[in-house]
Amino acid sequence: MPELPEVETVRRSLATRLPGRRIEALDIQQPQLRNLLQPAALRRQLVGTQVVRVARRAKYLLLHLSSADVLVLHLGMSGRLALVAAATALEPHTHARIHLDDGMELRFRDPRRFGMLFVVSQEQLERHPRFVHLGPEPLTAAFTPLYLQQRARGLKRPVKNFLMDAGVVVGVGNIYASEALYRARVHPATPARRLTLQRWQRVHAAVRATLRHALRAGGTTLRDFRAADGRAGEFRVRLAVYGREGEACRRCSRVLRRAVQSGRSTFYCPGCQR
DNA sequence: CGGGCGGCCTGGAGGC
DNA sequence: TGCCTCCAGGCCGCCC
């Protein structure tokens, strides 16, 4: 589900509400997510701590705690976080409930259970196996056209797969990889090593613009996605290629196509993207 | 070692 | 209505 704009949207919706709240209790209904939750250990680490701030790295949400630990949450494909009154009826696939000191509850739901939840010390976070290999954030100065060109040196994998590799750049998933390449007018199957610096400049700018616009719209809701306050994202109507196979390109009117790359759908315009 | 692929899960859509 | 297949926004381990 959620790529950078969606995770960042969730972060923002939590950042106005969570800091200062104390965790009073934790209920685990279903410990088997992507990682196996250890209810007793989690309770020991979380209960009694205060949320200090809500951050994000790649597609991970980071709840920094007063204990100098970090509660790390990943939404996988279908995960949702909701901040609701404790009396709210329990919805299906609610795996974890974090009870707060103001009568609210942070609920983690995830039908497909590809999501993750774990605690790591702030100090160890960057060295954690899930974090240590991560590339730069696309909206920071570390992400440049030259960086892309250098990382692509010698790689014959398609540029779309390259952009979706979190070791190259984080936060770009299947929707925004297609959208950004359309915006950059680069064919998704182009071997990464074939792109000139000039084209990397276009790709770089397109990745950033696409993510920024999606962020401004509160992300893309295809089906599941909601911010923590329940709001859906509005970017779906602005998608230029994703999910629009068979429809007309808005730029050149050619029929948009779908292809499969490494088992994932890619959408592109055969006229605009060479 | 780069990189494609299957597997992890459930549910929705569409075909018959 | 039911049953089947395919597909889905992520990530990792296996294998060539």
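In this text, all values refer to a predicted model and were calculated from it rather than measured experimentally. (Residues numbered from 1 in each chain as written. Chains lettered and ligands numbered in written order. Predicted model: local features only at pLDDT ≥ 70, side-chain atom pairs only at ≥ 80, totals over all residues. Heavy atoms only, no water.)

Q: Explanation requested: the pairing of strand β2 (residues 51-57) in the structure shown.
A: Consecutive side chains along a regular strand alternate between the two faces of the sheet. For β2, the buried fraction is high: five of the seven residues fall into the buried class. One ladder, built from six bridges, connects β2 with strand β3 (residues 60-65); its direction is antiparallel. Pairing of R53 across the sheet is with H64, part of β3. Hairpin connection, β2 to β3: the antiparallel pair is bridged by two residues, and A58 has positive phi, about 55°. (Buried < 20%, exposed > 50% of the residue type's maximum accessible area, 1.4 Å probe, protein only. Helix = DSSP H or I, 4+ residues; strand = E, 2+ residues; numbered from the N terminus. Pairing = 2+ DSSP bridges.)

Q: Explanation requested: the sheet that holds strand β8 (residues 116-121) in the structure shown.
A: Either a parallel or an antiparallel arrangement is found when strands of a sheet pair, and the pairing is made through backbone hydrogen bonds. Taken together, the four strands give an open sheet; going across it, the order is β2-β3-β4-β8, and neighbouring strands pair in antiparallel fashion. Each edge of the open sheet carries a strand with a single partner, namely β2 and β8. Averaged over all adjacent pairs, the angle separating strand axes in this sheet is 20°, with direction ignored. Judged from the five bridges that link them, β3 and strand β4 (residues 69-74) form a sheet pairing that is antiparallel. Residue pairing across strands places L61 opposite L73, the latter belonging to β4. The strands touched by helix α1 (residues 4-15) are β2 and β3; relative to β2, the strand with the most contacts, the crossing angle is about 170°. (Axes fitted to C-alpha atoms, helices over the stretch in contact; angles between N-to-C directions. Contact = heavy atoms within 4.5 Å.)

Q: For this particular structure, what's the right way to read the sheet that holds strand β5 (residues 80-85)?
A: The strand order β1-β6-β7-β5 describes an open sheet built from four strands, whose pairing is antiparallel. Of all the strands in the sheet, just β1 (23-28) and β5 have a single pairing partner and so form its edges. Recorded for the sheet is a direction-independent mean angle of 20° between the axes of neighbouring strands. Pairing of β1 with strand β6 (residues 94-100), which is carried by five bridges, proceeds in the antiparallel orientation. Across the sheet, residue D27 finds its bridge partner in β6, namely R97.

Q: Whenever I open this one, the protein's contact with DNA strand B confuses me. Can you help?
A: Around DNA strand B sit R34, H93, P111, R112, R113, F114, L155, K156, R157, P158, N161 and S262, and that is every residue in its neighbourhood. R112 places a polar side-chain atom, nitrogen or oxygen, 3.0 Å from a base oxygen of DNA strand B. Partitioned by chemical class, the residues of the surface near DNA strand B number four nonpolar, three polar and five charged. (Near = heavy atom within 4 Å. Polar contact = N/O pair within 3.5 Å; in protein donor to acceptor, adjacent residues only side chain to side chain. Nonpolar A, V, L, I, M, F, W, Y, C, P; charged D, E, K, R; others polar.)

Q: Looking at this model, I keep getting lost on the domain arrangement of chain A. Mind explaining?
A: Reports often express the size of an interface as the amount of accessible area lost when the parts come together. Assigned domains within chain A: domain 1 (4-127) and domain 2 (145-268). With centres defined by C-alpha atoms, the gap from domain 1 to domain 2 works out at 28 Å. Listed per partner, the contact involves 18 residues of domain 1 and 18 residues of domain 2. Of all residues in domain 1, P5, E6 and R80 bury the most surface against domain 2, accounting for 34% of the area lost on that side. Run the count over domain 1 and domain 2 and you get zero salt bridges. (Domains from an automatic or database assignment. Buried area = accessible area lost by both parts, 1.4 Å probe. Salt bridge = Lys/Arg side-chain N within 4 Å of Asp/Glu carboxyl O.)

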